[in-house]
Amino acid sequence: MSLFLPKLTCKKDIDEAIKGVAEKVLVLRFGRDDDSVCLQLDEILSKTAHDLSNMAAIYIVDVDKAPIYTRYFDISYIPSTVFFFNGQHMKVDYGSPDHTKFVGSFKTKQDFMDLIEVIYRGAMRGKMIVQSPIDPQNIPKYDLLYHGI
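Report on the accompanying structure. Everything quoted here is computed from the prediction, not taken from an experiment.

**A short note on the overall build of the protein chain**
Here is step 1 of the chain: A tally of regular secondary structure across the protein chain gives 4 helices and 7 strands.
Here is step 2 of the chain: In the protein chain, the order of α-helices and β-strands from amino to carboxyl end is β-α-β-α-β-α-β-β-β-α-β.
Here is step 3 of the chain: Against the compact-globule benchmark of 15 Å for 149 residues, the protein chain has a radius of gyration of 14 Å, which places it among compact chains.
Here is step 4 of the chain: In terms of principal-axis extent, the alpha carbons of the protein chain reach across some 40 × 30 × 25 Å.
Here is step 5 of the chain: With 149 residues in all, the protein chain has 46% of them scored as buried.
Here is step 6 of the chain: Excluding contacts between residues fewer than 6 apart, the proportion of contacts in the protein chain whose partners are at least 24 apart in sequence is 74%.
Here is step 7 of the chain: Entry remark: accessible area of the protein chain is about 8,100 Å², with carbon and sulfur atoms responsible for 52%.
Here is step 8 of the chain: Mean positive and mean negative side-chain charge positions of the protein chain (18 and 20 charges, respectively) differ by 4 Å.

Here it is in structure tokens:
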């Protein structure tokens with residue numbers, strides 16, 4: 001399904017997307033094209049891309065082709081989805097210690113659409129962090145790993 005979503009293949013492309021997408025939520029899905037969970041998420045993203053085109057721009061980023069951003073966002077589980085608005089990293093309180101990214105796949109298309117709408121409305125009001133509208137039972141749980149502590 002990732003065939004239908006645009007891909008960013010290098011740091012320069014990602015930088016241009018972050019700086020260039022204006023007045024929309026920029027969705028960056030970090031993962032691999034051959035991972036089954038990434039493909040599941042890509043299906044949800046591609047099915048909602050048209051409906052959300054007024055609010056969001058969705059891109060696929062291969063973790064192996066963007067190691068700088070993979071390290072910067074501490075992507076240790078894939079898929080991980082990161083959100084921006086007008087060049088600013090948007091954070092979402094999912095009820096977990098990590099507000100910088102969504103890890104895993106969304107359970108339903110509606111969960112993803114609701115999240116984009118909340119991020120968009122919050123960003124339009126100047127908020128940099130928003131509360132997740134997703135039912136906590138639908139949010140995958142992962143133990144955070146802290147290296148070197």
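We are not done yet, so read on.
**Concerning the state of the cysteines**
Here is step 1 of the chain: In total, this model carries 0 disulfides according to the counting rule given.
Here is step 2 of the chain: Free of any disulfide, Cys-10 has its nearest cysteine sulfur in Cys-38, 19 Å distant.
Here is step 3 of the chain: Classification of Cys-10 by relative accessible area gives partly exposed; the value is 29%.

**Describing the packing of aromatic side chains**
Here is step 1 of the chain: The final tally for this structure, using the stated rule, is 8 aromatic pairs.
Here is step 2 of the chain: Considering the side-chain rings of Phe-85 and Tyr-120, the 6.1 Å spacing of their centres and the 75° angle between planes classify their relative orientation as edge-to-face. With Phe-85 in strand 4 (residues 80-85) and Tyr-120 in helix 4 (residues 109-124), the pair connects residues that are 35 residues apart, well separated along the chain.
Here is step 3 of the chain: Taking the relative accessible area as the measure of exposure, Phe-85 reaches 6% and is therefore buried.
Here is step 4 of the chain: With centroids separated by 4.1 Å and ring planes inclined at 10°, the aromatic side chains of Phe-102 and Phe-106 adopt a geometry described as stacked.
Here is step 5 of the chain: According to the relative accessible area criterion, Phe-102 is buried, its value standing at 1%.
Here is step 6 of the chain: Judged by relative accessible area, Phe-106 falls into the buried class, the value being 2%.

**What about the side chain of Lys-101?**
Here is step 1 of the chain: Relative to the helices and strands, Lys-101 resides in the loop between strand 5 (88-93) and strand 6 (102-103).
Here is step 2 of the chain: Taking the relative accessible area as the measure of exposure, Lys-101 reaches 7% and is therefore buried.
Here is step 3 of the chain: Engagement of the side chain of Lys-101 in a polar contact is seen with the backbone oxygen of Asp-74, the distance being 3.3 Å.
Here is step 4 of the chain: Of the polar contacts made by the side chain of Lys-101, one reaches the side chain of Asp-98; its length is 2.7 Å.
Here is step 5 of the chain: Beyond its immediate sequence surroundings of up to four residues, Lys-101 is in contact with Phe-73, Asp-74, Ile-75, Ser-80, Thr-81, Val-82 and Tyr-94.

About the cut-offs
Residues numbered from 1 in each chain as written. Predicted model: local features only at pLDDT ≥ 70, side-chain atom pairs only at ≥ 80, totals over all residues. Heavy atoms only, no water. Helix = DSSP H or I, 4+ residues; strand = E, 2+ residues; numbered from the N terminus. Rg over C-alpha atoms; globule rule 2.2 N^0.38 Å. Buried < 20%, exposed > 50% of the residue type's maximum accessible area, 1.4 Å probe, protein only. Contact = heavy atoms within 4.5 Å. Areas by Shrake-Rupley, 256 points an atom, 1.4 Å probe, with all protein chains shown as cover. Lys, Arg positive; Asp, Glu negative; His and termini not counted. Charge placed at Lys NZ, Arg CZ, Asp CG, Glu CD. Disulfide = S-S within 2.5 Å. Phe/Tyr/Trp six-rings, centres within 6.5 Å; stacked < 30°, edge-to-face > 60°. Polar contact = N/O pair within 3.5 Å; in protein donor to acceptor, adjacent residues only side chain to side chain.

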